[in-house]
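# Per-entry structural report
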Amino acid sequence: TALLPIHTWNLPGSSMLNLWMPMTVTYIHLLLLLLDPSSALMSTQDPPPSLGNHSMDKNDVDEAEGHFTVPIAFRVFSVDYHHVQAPFEIVLWIMLASLAKLGFHWSGRIPAVVPESCLLIMVGLLVGGVIYGVRHTAPPVLSAEAFFLYLLPPIVLDAGYFLPGRLFFENLGTILWYAVLGTLWNVLGIGLSLYGLCQLGGWGLEEVSLLHFLLFGSLIAAVDPVAVLSVFEEIHVNEQLHILVFGESLLNDAVTVVLYKLFESFLRMPSVSGVDVLAGGCQFVVVGLGGLCVGLFFGLVAALTTRFTARAQVIAPLFVFLYSYLSYLTSEMLHFSGIMAIVTCAVTMKQYVEANVSEKSNTTIKYFLKMWSSVSETLIFIFLGVSTIQDVHMWSWPFVSSTLFLCLLWRALGVLLLTAVVNKLRRNAVTFRDQFIIAYGGLRGAICFSLVFLIEDFPKKRLFITTTIVVILFTVFVQGMTIKPLVELLDVKRKKRVLPTVSEEVHCRLLDHLLSGIEDVVGYWGQHYWKDKFEHFNTKYLKRFLIREDKQPKSSIVRLYQELERREQMGETDEGKRERSPAM
Amino acid sequence: MGSTSSTLAKIPNAEDLMQETGFTPAHLVRLYDRFKVLDKDKKGFLTPQDFVAIKELAMNPICDRIIGAFFTSGGETLDFPSFVRILAHFRPIDKNRPKEPTSPDPINSRSNKLKFAFQLYDQDKDGKISRHELLQVLRAMLEKQVTEEQLESIADRTIQEADLDRDDAISFEEFRKSLEKVNIDHKMSIRFLR
């Protein structure tokens, strides 16, 4: 989301050394042992934990002043931690996260019951606890800047690149309905009812203004794409349900951005008029469409660039990543919705890039995206755990529990009402079971967390932070862990594990053409009509312009046929092959 | 509504049509208006040329087969009731309809929808989709995107997957079975009224 970063890593540099000593002193010992035979030098160079800084500085100072008490000539072996400090620590955190993930998958039956996100948060809590126990001050907090600029984009890019395009556009109306109206409903509902309750409740929160509550509502109401992705990946519900929840979590970013910034700027203004509210409403359109346009632009430019990469195939994947990231950054710079930009960019460029670049480059793109998004996701959850261990938590039983309750209540009501309306307009009604999963799958995550830290300081800010953490932990742990058994209990339609047969694909294509024809006969501008119009435009102009002459893209029938043939040659059966993304 | 009922009065046998096809008066009126628009020369019936005149339809790969499906039994004229009966296939399935075993399936039942799709393949009406007929359809849909060899392999595989009685052709039952996992109601229905 488009918010100016305020916090950076809030620790002084040298204390990071003490931070890692408890964790990696063994690691460094082993390393030194392996590298240096002379133990005498090693003992001088390996200081006890608490004196870590001082002995290093003393040695350096000695050298500088030219005091050679015992001339060991020059140092054959030395440890210069400051030189590599920053990348070393980043790598160690990523290593910790990845080892935790590895360990998780080897731990027997746990993965079946507990989703990965929960376990990672628990590891984070453990690490945070250890750090707090050793140093007696708060561990590093996930900075909003690091989160929004570095950790979030890879995940959203991966999601956007592998978005099932057809399904998404078929359900776009419903998704937008949930994303825009649903989020608005939740924000206003939670904000206003919390305000009302606090005014009446006598919990000592009467002085907190309505705007603060609305601001809080705007950040806590939004469904988080990272959490949804992580949990839904493991429960394999039918694709339509998955795309509804997931699409909503992606597209509600625009609404969240606007509302959050709106209320934040209202807080700073002396008075709020009706015109300002109206301007806020217009801003929503600007933010959403702006993100869309930025994404479209960069997507098309990326597609065009890959047209010319035949002679330098190795760097073709790089363009995909660079242009996507650029679209995100540009959108954030212009205060548009970054998530919408990067998703649009990925969706736009995918078919042209796939046609233009070699097979190996396509595989590279796929696996790099998966890897980066996996690392990001793991880091986010671990840091959520670590950042929970705070020095000052402000707790208030009534406020926290009522926030939790209201979040669940308003979401359930919202989904029920909105679905009742939208079912009248859909071909495929959203069943009650699906509605339950949509409401229950409204998980909150790191976006709320970062946003709450960015609020300007006011007396009850710590209470808001604590409450946000509780809500996130509740949704991820309780809802995340119970959603799988609930899906099985309610017998929600699951995802088809196998690829369709070629005959299915051929017949379905025929039916598509048939329905387009019938729509033309009746004169009805339905989905098939618009799909056909786009396909014609695409074939006539876009593909000719953006794809290399010799590489026109293959029809889905041909691709499916080739994929099935390939699998049979490799000796894999359809049942054995799983369609889920590799949860590395 | 005033205009609906007045137009309804102009349609001959409107009541019977609605009973047979399940269309509401509003639907029927809309289709009647569309029929009039397509019938540019005001003949009172439609000819294949009227269909070809629909610009978007002319660009459809299986345009001729779709038009052929309207003009069954080789006739050159299509009156309004026949027009409506064909289009009734594409009404969404009525889930709440009570199932009476003795009454015939409504036109928009899953079975009838599939039969309609089947006849698009089966041009010679022998009840089977032969390899040749399948190839023709594939060629029309995939046009210049594939080589002839690939077309043949795809056709071979399609028949091989569906053909249970090994007669190198796809019967209606085999066709229906190969589409059992597909939500035909979703794929073959149009929301008629905007």
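Every residue gets a number counted from 1 within its own chain, in the order that chain's sequence is written. As a convention, the first chain written is A and the first ligand written is 1, with the rest following in written order. Whole-chain, interface and lining totals are the exception, using all residues; otherwise, since this is a predicted model, local features are given only for residues with pLDDT of at least 70 and side-chain atom pairs are given and counted only at 80 or more. With hydrogens and water excluded, all non-hydrogen atoms of the structure serve as input to the side-chain values.

In plain terms, the rule: UniProt positions are given in the numbering used here, feature names are shortened, and annotations may be inferred rather than shown by experiment.
Under the annotation held in an unreviewed UniProt entry, chain B carries the name EF-hand domain-containing protein and is attributed to Pygocentrus nattereri. Heading Sequence similarities (unreviewed entry) of the UniProt record for chain B holds this comment: "Belongs to the calcineurin regulatory subunit family. CHP subfamily."

Where an unreviewed UniProt entry is consulted, chain A appears under the name Sodium/hydrogen exchanger, with the organism given as Pygocentrus nattereri. UniProt, in the comment section headed Subcellular location (unreviewed entry), describes chain A in these words: "Membrane". In its Sequence similarities (unreviewed entry) section, the UniProt record describing chain A reads: "Belongs to the monovalent cation:proton antiporter 1 (CPA1) transporter (TC 2.A.36) family."

### Points about the environment of Lys366 of chain A
Definition in use: Secondary structure elements are defined from DSSP: runs of H or I of at least 4 residues count as helices, runs of E of at least 2 residues count as strands, and each element is numbered from the N terminus.
Mapping Lys366 of chain A onto the fold places it in helix α16 (residues 359-388). In the structure, Lys366 of chain A is positioned 24 residues away from Ile342 of chain A in sequence and 16 Å away in space, judged by C-alpha atoms.

### Overview of the UniProt feature "domain: EF-hand" (unreviewed entry) in chain B
On the UniProt side, "domain: EF-hand" (unreviewed entry) is annotated at positions that read residues 26-61, 109-144 and 150-185 of chain B here. Secondary structure within residues 26-61 of chain B divides into 61% helix and 0% strand; the distance between the first and last C-alpha atoms comes to 31 Å.

### Describing the nonpolar core
Where we set the bar: As used here, the term nonpolar core means buried Ala, Val, Leu, Ile, Met, Phe, Trp, Tyr and Cys residues forming a set that is joined through side-chain atoms within 4.5 Å. Here the term buried applies to any residue with accessible area under 20% of the maximum for its type, exposed to any over 50%, and partly exposed to those in between, with areas from a 1.4 Å probe on protein chains only.
In terms of nonpolar packing, the biggest core is built from 130 residues, with Trp93, Phe147, Phe148, Leu152, Leu219, Phe399 and Phe464 of chain A touching the most fellow members. Looking at this core element by element, the count peaks at 16 residues for helix α12 (residues 239-268) of chain A. Val558 of chain A together with Met18, Val29 and Leu78 of chain B belong to the second-largest nonpolar core, a separate cluster that totals 76 residues.

### Focus on the packing of aromatic side chains
Applicable threshold: The pairing test for Phe, Tyr and Trp rings, Trp by its six-membered ring, is centres within 6.5 Å, and the orientation test on the planes gives stacked under 30 degrees, edge-to-face over 60, and tilted for anything in between. A ring is scored as having a charge over it whenever the NZ atom of a lysine or the CZ atom of an arginine sits within 6 Å of its centre and within 35 degrees of its normal.
Applying the stated criterion to the full structure yields 34 aromatic pairs over all chains. Centroid distance Phe399 of chain A to Phe464 of chain A: 5.8 Å. Interplanar angle 10°. Geometry classified as stacked. Of this pair, Phe399 of chain A sits in helix α17 (residues 397-422) while Phe464 of chain A sits in helix α20 (residues 461-489), and the two are 65 residues apart along the sequence. Ring geometry for Phe51 of chain B and Phe70 of chain B: centres 4.9 Å apart, planes at 40°, overall tilted. Taken as a pair, Phe51 of chain B in helix α4 (residues 48-52) and Phe70 of chain B in helix α6 (residues 63-70) lie far apart in primary sequence, 19 residues in all. There is no split in this pair, since Phe51 of chain B and Phe70 of chain B are both buried. Cluster of aromatic residues (ring-pair linked, three or more members): Tyr32, Phe35, Phe51, Phe70, Phe71, Phe80 and Phe83 of chain B. Lying over the aromatic face of Tyr161 of chain A, Lys350 of chain A brings its terminal NZ or CZ to 5.7 Å of the ring centre.

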